[in-house]
Amino acid sequence: GIKELSPGTSPTIDIVAIHGFDGHREASWTADNGQLWLRDFLPQTIPTARIWSYGYDAYTENASSQKTVHGHAQDFLAKLSNSRDRSHHGSRPIFFIAHSLGGIILKSALIQASMANKRHLLRYKWICLSSYGILFLGTPHQGTDVVLKFTSLCCRPNNILLKHLISHSELLQQQNYDFNPIAGDFQMNFFYEYLPTRLADGTFEIIVPKLSAVVPGIVDVPSIGMYKSHSGMAKFQSMDDDDFKTILLIVKTWSKKLHLQCRSGGQNLISKAVGVNRNKNT
C-alpha cells in the first residue's frame, strides 16, 4: 500500500515513488548507510512536496502469484485515488518516481486512467489529468531477458510478472503503443544504469540497457546515465551524490514550471481537467 514519508509544508505537489521487482516501499530506496533519500533528503530540498511511497507484491520468488501488470496497476490506481480523496486534494499535481518494474505498472495505470469517463471509474481520470512529471529509473520499457537469467538462478522462473518482462514481449509492445498517445501530456526523463549487477552465478550483467530504458517513438525526452547498478539507481547515500543532484534539479525545474503555469492560468491542471471533461462529455 501507500506510506507517507513526508507530509510536506503547505504542500503544492505530491511525489509518489513506485519500487521495482523484488522491492519494498522503503528498503528499495534506502542506501547501505540507512539513508532513505525520499524521507531524509527530498523534504529538506523540496519542502512543499507531500511524499508517498507505494509498495506491492513484486517478489519473483512467489512463483504461484498470478497478479498481472494490469492487476497491479488497478490496485495502484485504487489506493492512490483513495489516499488523495481522503486528504481532499484529489487534483493536486503528481510527480512520479518509478524504478524498474514500477515504471511498467505506472504506465499501465496511466493508460487505464486516461480511458476513464463518467460511466466508468471517473475518479481515476483525475489521476491521469493531475499527473505532471515522471522519472523512469531503469524501467525495462522494451523488456530484458537478463531478469529471467537473474531470477532463474535463485527461484522458479514461472512468475507471471517475469513473463511480461521478456524482451519485446507482446504486453510491453502493446503497452508502449497505448502509452505513446498520452506521453506528451507528461514531463519525463529516462535514466539507465552504467554499472553491471552481480548475478548469482558470479557473472556481471547490465539488467536494463539504455535501449530498453527508453520508450520507443517518444522524442524530446532526455536519457541520462547513472554510474550505478540497477538496484543502486534508487538509492543515494548523501545529498552530495551527483545522481541525486540531477534528480533534484529536474524535480525543482518541474516545480517552478508548474508554478508559473498555475500563476498564468493557462495550463492550470484543474482547469485543464474541467475543460477535458466538458469538451469530451466524459
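Small disclaimer: the values here were computed from a predicted structure and weren't measured.

(A) Up close: the packing of aromatic side chains. If you walk through the whole model with that rule in mind, you get 14 aromatic pairs. Pairing Phe-41 with Phe-244 gives two aromatic rings, centres 5.7 Å apart and planes at 70 degrees, and the pair type is edge-to-face. With Phe-41 in the loop between helix H1 (37–40) and helix H2 (42–45) and Phe-244 in helix H9 (residues 242–264), the pair connects residues that are 203 residues apart, well separated along the chain. When its relative accessible area of 6% is taken as the criterion, Phe-41 is described as buried.

(B) The arrangement of the packing of helix H4 (residues 101–114) against helix H5 (residues 122–130) in detail. Two elements in contact, H4 and H5, have axes separated by 7 Å at closest approach and are oriented at 120 degrees. Overall, the two elements H4 and H5 adopt an arrangement that is oblique. The handedness of the crossing between H4 and H5 comes out as left-handed. In this structure, H4 uses Leu-110, Ala-113 and Ser-114 to contact H5, whose residues at the interface are Tyr-124, Lys-125 and Cys-128.

(C) Spatial organisation of the side chain of Thr-139. You can see Thr-139 is positioned in the loop between strand E5 (131–137) and helix H6 (146–152). Polar contacts involving the side chain of Thr-139 include one to the main-chain carbonyl oxygen of Ser-100, which spans 3.2 Å. Thr-139 has contacts with Ala-98, His-99, Ser-100, Gly-103, Ile-104, Val-208, Ser-212 and Ala-213, leaving out every residue within four places of it along the chain.

(D) Fine view of the pattern of salt bridges. Enumeration according to the criterion identifies 9 salt bridges in this entry. A salt bridge links Asp-14 to Arg-84, with the nearest nitrogen and oxygen atoms 2.8 Å apart. Of this pair, Asp-14 sits in strand E2 (residues 13–18) while Arg-84 is found in helix H3 (residues 69–86), placing the two residues 70 residues apart along the sequence. This pair shows no difference in class: Asp-14 is buried, exactly as Arg-84 is. The partner of Lys-228 in a salt bridge is Asp-243, with the nearest N and O atoms 2.7 Å apart. A residue pair is termed long-range when its members are at least 10 positions apart, and Lys-228 in the loop between strand E9 (223–226) and H9 and Asp-243 in helix H9 qualify at 15 residues.

(E) Spotlight on a nonpolar patch on the surface. Taken together, the side chains of Tyr-194, Leu-195 and Tyr-227 present a nonpolar region at the surface, about 340 Å² in accessible area. Position of Tyr-227 among the secondary structure elements: in the loop between E9 and H9.

(F) Molecular detail of the sheet that holds E5. Ordered by their spatial adjacency, 7 strands build an open sheet running E1-E3-E2-E4-E5-E6-E9, and the pairing between neighbours is mixed. Of all the strands in the sheet, just strand E1 (2–6) and E9 have a single pairing partner and so form its edges. Strand-to-strand twist in this sheet, taken as the mean axis angle between neighbours without regard to direction, amounts to 20 degrees. Against the sheet, H3 makes contact with E1, E2, strand E3 (49–54) and strand E4 (94–99), and its axis sits at roughly 145 degrees relative to E3, the strand it touches most.

(G) Expanded view of the environment of Leu-137. Tracing the backbone through its elements, the reader meets Leu-137 in strand E5. The class of Leu-137 is buried, set by a relative accessible area of 0%. Sequence separation between Leu-137 and Phe-191 is 54 residues; the distance between their C-alpha atoms is 4.9 Å. In this structure, Leu-137 is in contact with Trp-29, Ile-97, Ala-98, His-99, Ser-100, Phe-191, Met-226, Met-233, Ala-234 and Ile-247, ignoring residues within four places of it in sequence.

(H) Seen up close, the packing of H4 against helix H8 (residues 170–183). Where H4 contacts H8, the axes come no closer than 10 Å and their chain directions differ by 55 degrees. On the basis of the axis angle, H4 is oblique to H8. For the crossing formed where H4 meets H8, the hand is left-handed. Side by side, H4 and H8 meet where Ile-104, Lys-107, Ser-108, Leu-110, Ile-111 and Ser-114 of the first sit next to Leu-172, Gln-175, Asn-176, Asp-178, Phe-179 and Ile-182 of the second. Of the residues belonging to the contact of H4 with H8, the class tally is 6 nonpolar, 4 polar and 2 charged.

The rules behind each value
Residues numbered from 1 in each chain as written. Predicted model: local features only at pLDDT ≥ 70, side-chain atom pairs only at ≥ 80, totals over all residues. Heavy atoms only, no water. Phe/Tyr/Trp six-rings, centres within 6.5 Å; stacked < 30°, edge-to-face > 60°. Helix = DSSP H or I, 4+ residues; strand = E, 2+ residues; numbered from the N terminus. Buried < 20%, exposed > 50% of the residue type's maximum accessible area, 1.4 Å probe, protein only. Axes fitted to C-alpha atoms, helices over the stretch in contact; angles between N-to-C directions. Parallel < 35°, antiparallel > 145°, perpendicular 65-115°, else oblique. Left-handed = near helix turned anticlockwise from the far one by under 90°. Contact = heavy atoms within 4.5 Å. Polar contact = N/O pair within 3.5 Å; in protein donor to acceptor, adjacent residues only side chain to side chain. Salt bridge = Lys/Arg side-chain N within 4 Å of Asp/Glu carboxyl O. Patch = residues over 30% accessible without salt bridge, like charges linked within 9 Å, V, L, I, M, F, W, Y side chains within 5 Å. Areas by Shrake-Rupley, 256 points an atom, 1.4 Å probe, with all protein chains shown as cover. Pairing = 2+ DSSP bridges. Nonpolar A, V, L, I, M, F, W, Y, C, P; charged D, E, K, R; others polar.

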